[in-house]
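# Examination of the molecular architecture
The lines below spell out each chain.
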Amino acid sequence: MEAALRSNPYAIGYLDAGHGHGAGLAEIELENIAGLFQSSLEALGNGGVQAAASTAIERGLVPTSASSSFADVSFHNQPGETSWPIVAVSYIYVDANQTADGDRGALLVAFLELLLTDDGRDLTERYGFVPIPAELTAIAENAIDSIMLPDGQQMWTFEDPGTTLPITGMGDFVVSGKRRDFYEVATSAQGDSIAELEAQVVTMDGSFQTQLDTLQSTIDALNARIRSLEADDDADDAQDTADEAFRIAVVALILALLALVSFLIFVFATADFGCCGGSSAAASAQKYEGMKESSTKDATA
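Criteria and cut-off values
- Residues numbered from 1 in each chain as written.
- Predicted model: local features only at pLDDT ≥ 70, side-chain atom pairs only at ≥ 80, totals over all residues.
- Heavy atoms only, no water.
- Helix = DSSP H or I, 4+ residues; strand = E, 2+ residues; numbered from the N terminus.
- Contact = heavy atoms within 4.5 Å.
- Areas by Shrake-Rupley, 256 points an atom, 1.4 Å probe, with all protein chains shown as cover.
- Phe/Tyr/Trp six-rings, centres within 6.5 Å; stacked < 30°, edge-to-face > 60°.
- Buried < 20%, exposed > 50% of the residue type's maximum accessible area, 1.4 Å probe, protein only.
- Expected span 1.5 Å × (residues − 1).
- Arc of directions from axis to C-beta.
- Patch = residues over 30% accessible without salt bridge, like charges linked within 9 Å, V, L, I, M, F, W, Y side chains within 5 Å.
- Salt bridge = Lys/Arg side-chain N within 4 Å of Asp/Glu carboxyl O.

## Here's the deal with the overall build of the protein chain
The helix and strand tally for the protein chain stands at eleven helices and four strands. Partitioning the contacts of the protein chain with sequence separation of at least 6, the portion at a separation of at least 24 is 52%. Here the protein chain displays about 18,900 Å² of accessible surface, and carbon together with sulfur accounts for 57% of that area.

Shown next as C-alpha cells:
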C-alpha cells in the first residue's frame, strides 16, 4: 500500500496510522459521527482513538469474557465529540490448554503478561499504536489467568533494570531488563579487581613522575658538563681527546636514559589508558617529548 500511494499522485488508500506516520505519508482529515473533521495525528493527541474503544465497551459491544466470540466487535463510527471513526483492535489468539507445552507454555504466558505491563504499553506507543483501555486490559488479564499449564510448572519472573541483582538476573526463568548476556555478568563480577587496578595506576602515576624528574635532573647536569667542555679552549691535544671521549660517553648515557624513559612511558601508558582514560600518561608523554627534543639538540651540538 505504501508503494502504491507513493507511485500514484493523488491516490488515497487505507494504512494503519503508525505505519503511515513512520513512512512520512500525508493524510487527509476524516469526519466523525459528531461532525468533527480531524486527522489521525489530531485524534491521537486528543484521545479520540482510545475514546472510541471505551465508548464501544460502555455500549456493550465487547464481550466480557475472552472465551466469547469477538467476530462482531467493531469500534468504527463510535459516538463522541473527538472519537476517531476508524479504529481497529489487534488480537492474539491462544490455545488455553498449554499442559503439553511445558516451559514453552510458561514462556507464552510471560510474553502475554509483558504486553500488559508499562513496558509493553510503551512499546505499542513507540510503533504508533494506542494502548487498550483499562476495561479491555482487565479482560486480557482474566484470559491469561485462564491458561492451563502442567502441574508444578515453573513460571517466568521479571526484574526491572533498577532492581536487578548481580548474577540473579541471568538465572533460569528470569527475564531481566538489565543483563542481556553472560559477559555482562562476568564483567560486573570484576568490579573489585578493576577498582584495585585503578588504585595501582594512581600510585604508578606519582612514582613515575618522580623518576621522570630525576632523569631530567641527570640529563640537565650532563648537558651542562658538555657545554662546559665546549667552552674550554684547552690546547692540550690529549686533554681534547679525553674531552671528546667524555662527550661521546655522555651522549650514549643520555640515549640510554631516553630509551629507559620510553620503556617506562610505554608500560605506564598501557595501564593508564586501560583504566583511567590516559590523561596522566598523555601529559607524561608530552613532557618526555620535550625532554627528548632538548637533550637531542644539546647532544648533537
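Past the structure itself, the notes keep going.
## Examining the packing of aromatic side chains
By the definition in use, this model includes three aromatic pairs. A ring pair is formed by phenylalanine 70 and tyrosine 91, whose centres lie 5.5 Å apart and whose planes are at 65°; its orientation type is edge-to-face. With phenylalanine 70 in the loop between α4 (48-58) and α5 (103-115) and tyrosine 91 in the loop between α4 and α5, the pair connects residues that are 21 residues apart, well separated along the chain. A residue is classified by how much of its surface remains accessible, and phenylalanine 70, at 17% relative accessible area, is buried. An aromatic cluster is defined as three or more aromatic residues linked by ring pairs; in this entry it consists of Phe70, Tyr91 and Tyr93.

## Here's the deal with helix α7 (residues 134-145)
For α7, which comprises twelve residues, the first-to-last C-alpha distance of 17 Å matches the rise-based estimate of 16 Å (1.5 Å per residue) to within 8%. Within the sequence span of α7, burial applies to Leu136, Thr137, Ile139 and Ile144. End-on, the buried residues of α7 take up no more than an arc of 160°, which puts them together on one face. Opposite the packed face of α7, turned more than 90 degrees from it, sit the exposed residues Ala134, Asn142 and Asp145. Buried residues belonging to α7 abut α4, α5 and α6 (118-126).

## Some remarks on a nonpolar patch on the surface
On the surface, Ile92, Val94, Phe111 and Leu115 cluster together to form a nonpolar patch covering roughly 320 Å² of accessible area. Following the sequence through the fold, phenylalanine 111 ends up in helix α5. On the basis of relative accessibility, which here comes to 43%, the residue phenylalanine 111 falls in the partly exposed class.

## Examining α4
Helical periodicity: at 3.6 residues per turn, an α-helix aligns residues three or four positions apart in one direction. Among the eleven residues in α4, eight count as buried, and that is most of the element. Burial in α4 covers these residues: Gly48, Val49, Ala52, Ala53, Ser54, Thr55, Ala56 and Ile57. Packed against the buried residues of α4 are α3 (40-45) and α7. Looking one or two places after α4, you find glycine 60, whose phi comes out positive at around 75°.

## Re unusual backbone geometry
The residue tyrosine 10 is not glycine, and still its phi comes out positive at about 70°. Its place among the elements puts tyrosine 10 in the loop between α1 (2-7) and α2 (17-22). With relative accessibility at 84%, the residue tyrosine 10 sits in the exposed group. Not every positive phi belongs to a glycine, and phenylalanine 173 is a case in point at roughly 60°. Looking at the secondary structure, you find phenylalanine 173 in the loop between β3 (157-159) and β4 (174-176). Owing to a relative accessible area of 17%, phenylalanine 173 belongs among the buried residues under this scheme.

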